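Summary of structural features
Read off the chains here:
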Amino acid sequence: IVEFVPESISDAPIIASLLSEKGSLTATERLSAASAGLRIAVAHSVRGELGAKMLVSASTAVLLDSFTLVIGPIGVPVSILREDNGEDVTNICREKMFRMISVLSTI
């Protein structure tokens, strides 16, 4: 969908500011937003280079901050991290992170 909505790059400042606020979203929500922001930045960087750079920077920062959620905290089994609804946080984060890595590899 991102490729078909070039106007989404105009939301870059809003997404980047949302990603920079650590307390407003859960870890999985932040990683989902970062993944979407990165895809928007790569797909539409021609339309707004400054916004794309902001999104890539903010999304990459979230990617690096969330890395321990995929490998798990030291001394804690990875599968113990769960959302309130019972979903496996590690699995959700792993999917989003691999999507982000594949997008980064296209740059």
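Residues numbered from 1 in each chain as written. Predicted model: local features only at pLDDT ≥ 70, side-chain atom pairs only at ≥ 80, totals over all residues. Heavy atoms only, no water.

What about the overall build of the protein chain?
In plain terms, the rule: Secondary structure elements are taken from DSSP: a helix is a run of H or I of four residues or more, a strand is a run of E of two residues or more, and numbering for both begins at the N terminus. When accessible area is computed with a 1.4 Å probe and restricted to protein chains, residues below 20% of their type maximum are described as buried, those above 50% as exposed, and intermediate ones as partly exposed. Any two residues whose heavy atoms approach within 4.5 Å are treated as being in contact.
A count of helices and strands for the protein chain gives five helices and zero strands. In the protein chain, the succession of helices and strands from N to C terminus is α-α-α-α-α. Classification of the 107 residues of the protein chain by burial places 35% in the buried group. Of all intrachain contacts in the protein chain linking residues separated by at least 6 positions in sequence, the fraction that spans at least 24 positions is 64%.

Section: the nonpolar core
Short version of the rule: What we call a nonpolar core is a set of buried Ala, Val, Leu, Ile, Met, Phe, Trp, Tyr and Cys residues that are connected through their side-chain atoms within 4.5 Å.
With 23 residues, the main nonpolar core has Ile9, Leu19, Leu31, Leu55, Cys93 and Met100 as its most contacted residues. Of all the secondary structure elements, the ones that give two or more residues to this core are α1 (12-20), α2 (27-43), α3 (49-65), α4 (67-71) and α5 (89-104). If we ignore the near neighbours within four places in the chain, the residues touching Leu55 are Ile9, Ala12, Ile15, Ala16, Gly37, Ile40 and Ala41.

Topic: α2
The following threshold applies: What a helix is expected to span follows from its residue count: subtract one and scale by 1.5 Å.
End to end, α2 covers 24 Å across 17 residues, agreeing with the expected 24 Å (1.5 Å per residue, within 8%). For α2, the complete set of buried residues consists of Thr28, Arg30, Leu31, Ala33, Ala34, Ser35, Gly37, Leu38, Ile40 and Ala41.

Some details on the side chain of Arg30
Where we set the bar: Within this scheme the basic residues Lys and Arg register as positive and the acidic residues Asp and Glu register as negative, but His and the chain ends are omitted. One side-chain nitrogen of Lys or Arg within 4 Å of one carboxyl oxygen of Asp or Glu is enough to make a salt bridge.
Tracing the backbone shows Arg30 in helix α2. No salt bridge is formed by the buried Arg30; its nearest oppositely charged neighbour, Asp65, is found at 4.4 Å. Contact partners of Arg30, with chain neighbours within four places excluded, come to Leu19, Glu21, Lys22, Leu25, Val62 and Asp65.

Spatial relationships are all this shows, so hold off on functional conclusions.
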